[in-house]
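Listed here are the chains, written in short residue letters.
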Protein chains: 2
Amino acid sequence: MRKLVRKGVEELVPYPPGKPIEELERELGIKGSIKLASNENPLGPSPLAVQAVMDKVSTLNRYPDGSGYYLKSKLSEKFNIPSGQIVLGNGSNELIELIIRTFMSSGDHAIQPFPSFLVYEKIVTGAGGDMTSVSLSNLSIDLKGILNAITPKTKVIFICNPNNPTGGAISKDEMIQFLREIPGDIIVVLDEAYCEFVTDEKTANGIDLLDEHPFLCVLRTFSKLYGLAGLRIGYGFASEMVVEYMNRVRQPFNANTLAQAAATAALDDSAFVHRTLQVVREGLHYLCHNLDEIGVQYIPTQTNFFLIKVPGGGKRVYELMLKQGVIVRSMDSYDLPDYIRISVGLPEENERFIETLRKVI
Amino acid sequence: MRKLVRKGVEELVPYPPGKPIEELERELGIKGSIKLASNENPLGPSPLAVQAVMDKVSTLNRYPDGSGYYLKSKLSEKFNIPSGQIVLGNGSNELIELIIRTFMSSGDHAIQPFPSFLVYEKIVTGAGGDMTSVSLSNLSIDLKGILNAITPKTKVIFICNPNNPTGGAISKDEMIQFLREIPGDIIVVLDEAYCEFVTDEKTANGIDLLDEHPFLCVLRTFSKLYGLAGLRIGYGFASEMVVEYMNRVRQPFNANTLAQAAATAALDDSAFVHRTLQVVREGLHYLCHNLDEIGVQYIPTQTNFFLIKVPGGGKRVYELMLKQGVIVRSMDSYDLPDYIRISVGLPEENERFIETLRKVI
């Protein structure tokens, strides 16, 4: 009998069913837990975005605008890039999928740094592609190693900048050099989900680099800075040709109505952006200062999250903190078993994290 | 130089950029146009769903529940099917994609009736598959013809019941007979987007048929009956094994937070369901009565839309009505050039449609 599933699907890890926090709390018999595990915006969603949702909710019986006209116009204006070079996704996750489904054939090869965002490998494997992971060097992306891993079958290269879960960033000079050495028929996915949090001015900015490689795709999201993770809206910049091909494969109603409206409004919410960046900056300062005091090592970050090296191992500390109602991310599946990753929270959440960490280690 | 895109992508029709109605109205210099083109619910979204959106909007900074716990529990209870046999999608469109990406390899073969929902072919072609279209026979799905089209390479068969755009339905007896003749290793996608509008009691109901074929996938949506097209939420029933494989390929956050909450609430909105079915039934009665009076032919329907045979051709009538601010669907791309398809609207929309039709023909 022939194989039931497409090549690669058998190799994917079955999805763990999982439970909402409310159900977990019930099982553990705890209440009021805090979540510092998913690099979300602790302030909530952008208030202008919330208002836009309210304004649009009565129109939900109608299909979304399949062309994303208003959101793309707004992005075009803000970033000075033509609408024809912008593509919208059901989160930037879907854009990663869309790139693979448009450009990668079964048996093609892709390269990623490791550890990095875990979704790249899942999508490439599920599409029947082969992934080479190039280990970080001193917790930084090894651009030379990635260049050396290129084969005639390489079709896609992923770069997450700043990198998740390490928080480090690649400079503009390094990135230009790197892009120029990549053959012209390889798709380069530059995932900039956290770029708005960057403070180091030397860091590469994908938008300035679109001319440096014919098939550069820059991916961004409204999930983090704008606090819209629950609505699923991401966007990408690429050449007109790349965007046109992606739009052929894209389902016309992939970006929902409320996501489009909320994102369009959020782009004007400079007060919320300002507050978010301030909370992250001050939170990082508080957390690092206290970790120094406790004598625990951590990795400097350009984002709203960072790695902490915890005595006794990340998984153990994750489990102990969970029982105290503090949800952080264990780094086992990222092959960093000594670390946990935490997102910067509200001041009171950061305090509770520090208190709980003191207790459990 | 090697091919840039995956097999099948070149063959896809480039997506027409398109414009929102507001922009179209501005260009045409018209106002207050009505849309009877997309089989949407004319009453708006379910009020209980709207309330659920309002209640959840403040949590949008958090990622959605990747397991869809509450919505699947509710569906499980309502339809008496275990949660492990339910899969959620960003609209049922995404579930069609997910089925193809999970089970179909490049070069595999699929079969669809034609005309039917146009998305099937787009997705199969874009995945590098080959589609055989079996023409309708007297505007009904030709089940015998589909069985005869099966080859050793056939991996997926699509059946839309009731069929879009014709509105006709297959009976339970016919469907059972059909399913029993399909080899056991073929995925059968039974798209029931409009099943709640069916009035003919003999019509097949996919939920009763899950045991008739090992790889039957029944797809449903909240877009139509519940008025949630803009939020993108569909669901599917299949065997645990099929669902488990689809969940491996699925992105965990494909169904957004507001969609999950709205859909869960909508399932309890029996008052809205009742009103919707009444508006559709009465609207159909009014429209058919008036078309009889005008002397225009139409196709009987089990759904909230139907085909009308218009003198002078569907495209011409579509264009003339558009200029009058009445948006219907021309059937050119469905190879039914003599027809337009209209969705049942509110009483005043149905009246305006009839008036405008009288004018243009």
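From a predicted model like this one, the values you see are computed outputs, not experimental measurements.

## Re the environment of S105 of chain A
Step number 1: Topologically, S105 of chain A is positioned in the loop between α4 (92–103) and β3 (109–114).
Step number 2: A C-alpha to C-alpha distance of 8.8 Å links S105 of chain A and K155 of chain A, two positions 50 residues apart in sequence.

## Observations concerning the relation of the copies chain A and chain B
Step number 1: Each copy superposes on the other: chain A lies on chain B with an RMSD of 0.0 Å after a rotation of 180° and an axial shift of 0.0 Å. Viewed as a symmetry operation, the transformation between the two copies matches a two-fold axis. For chain A, the minimum C-alpha distance to the rotation axis belongs to M54 of chain A and amounts to 3.5 Å.
Step number 2: Here 100% of the interface residues in chain A have copies in chain B that are interface residues too; the copies meet face to matching face.

## Concerning the side chain of N304 of chain A
Residues and elements named next belong to chain A.
Step number 1: With respect to the helices, strands and loops of the structure, N304 is situated in the loop between α10 (270–294) and β9 (305–309).
Step number 2: Polar contacts involving the side chain of N304 include one to the main-chain carbonyl oxygen of N39, which spans 3.2 Å.
Step number 3: Sequence-distant contacts of N304, that is, excluding residues within four places in its chain, are made with N39, E40, Y194, F197, V280, I342, S343 and V344.

## Things to note about the packing of helix α11 (residues 314–323) of chain A against helix α12 (residues 347–360) of chain A
Residues and elements named next belong to chain A.
Step number 1: One way to put it is that α11 packs onto α12 with a least axis distance of 10 Å and a crossing angle of 115°. Of the two elements, α11 crosses α12, and the hand of that crossing is right-handed. From α11, R316, V317, L320 and M321 reach across to α12, where they touch F353, T356, L357 and V360.

## Re the sheet that holds β9 of chain A
Residues and elements named next belong to chain A.
Step number 1: Spatially, three strands are ordered β9-β12-β11 in an open sheet, and the strand pairing comes out antiparallel. A strand with exactly one partner marks an edge of an open sheet, and here the two such strands are β9 and β11 (329–330).
Step number 2: Strands β11 and β12 (339–343) of the sheet are contacted by α11, whose axis makes an angle of about 45° with β12.

## Brief notes about the packing of aromatic side chains
By convention here, two paired aromatic rings are described through the distance between centres and the angle between planes.
Step number 1: Tallied over the entire structure, the rule returns 23 aromatic pairs over all chains.
Step number 2: Ring plane angle 15° and centroid distance 4.5 Å describe the contact between Y120 of chain B and F158 of chain B, whose orientation is recorded as stacked. A residue pair is termed long-range when its members are at least 10 positions apart, and Y120 of chain B in helix α5 (residues 119–126) and F158 of chain B in strand β5 (residues 154–160) qualify at 38 residues.
Step number 3: We classify Y120 of chain B as buried; its relative accessible area is 0%.
Step number 4: Through successive ring pairs, a cluster of aromatic residues spans F79, F222, Y226, Y235 and F237 of chain A.
Step number 5: A cation over an aromatic ring shows up here: K78 of chain A above the ring of F79 of chain A, its NZ or CZ 5.9 Å from the ring centre.
Step number 6: Lying over the aromatic face of F305 of chain A, R341 of chain A brings its terminal NZ or CZ to 5.6 Å of the ring centre.

Quick notes on the rules
- Residues numbered from 1 in each chain as written.
- Chains lettered and ligands numbered in written order.
- Predicted model: local features only at pLDDT ≥ 70, side-chain atom pairs only at ≥ 80, totals over all residues.
- Heavy atoms only, no water.
- Helix = DSSP H or I, 4+ residues; strand = E, 2+ residues; numbered from the N terminus.
- Least-squares fit on C-alpha atoms with pLDDT ≥ 70 in both.
- Contact = heavy atoms within 4.5 Å.
- Polar contact = N/O pair within 3.5 Å; in protein donor to acceptor, adjacent residues only side chain to side chain.
- Axes fitted to C-alpha atoms, helices over the stretch in contact; angles between N-to-C directions.
- Left-handed = near helix turned anticlockwise from the far one by under 90°.
- Pairing = 2+ DSSP bridges.
- Phe/Tyr/Trp six-rings, centres within 6.5 Å; stacked < 30°, edge-to-face > 60°.
- Buried < 20%, exposed > 50% of the residue type's maximum accessible area, 1.4 Å probe, protein only.
- Lys NZ or Arg CZ within 6 Å of the ring centre and 35° of its normal.

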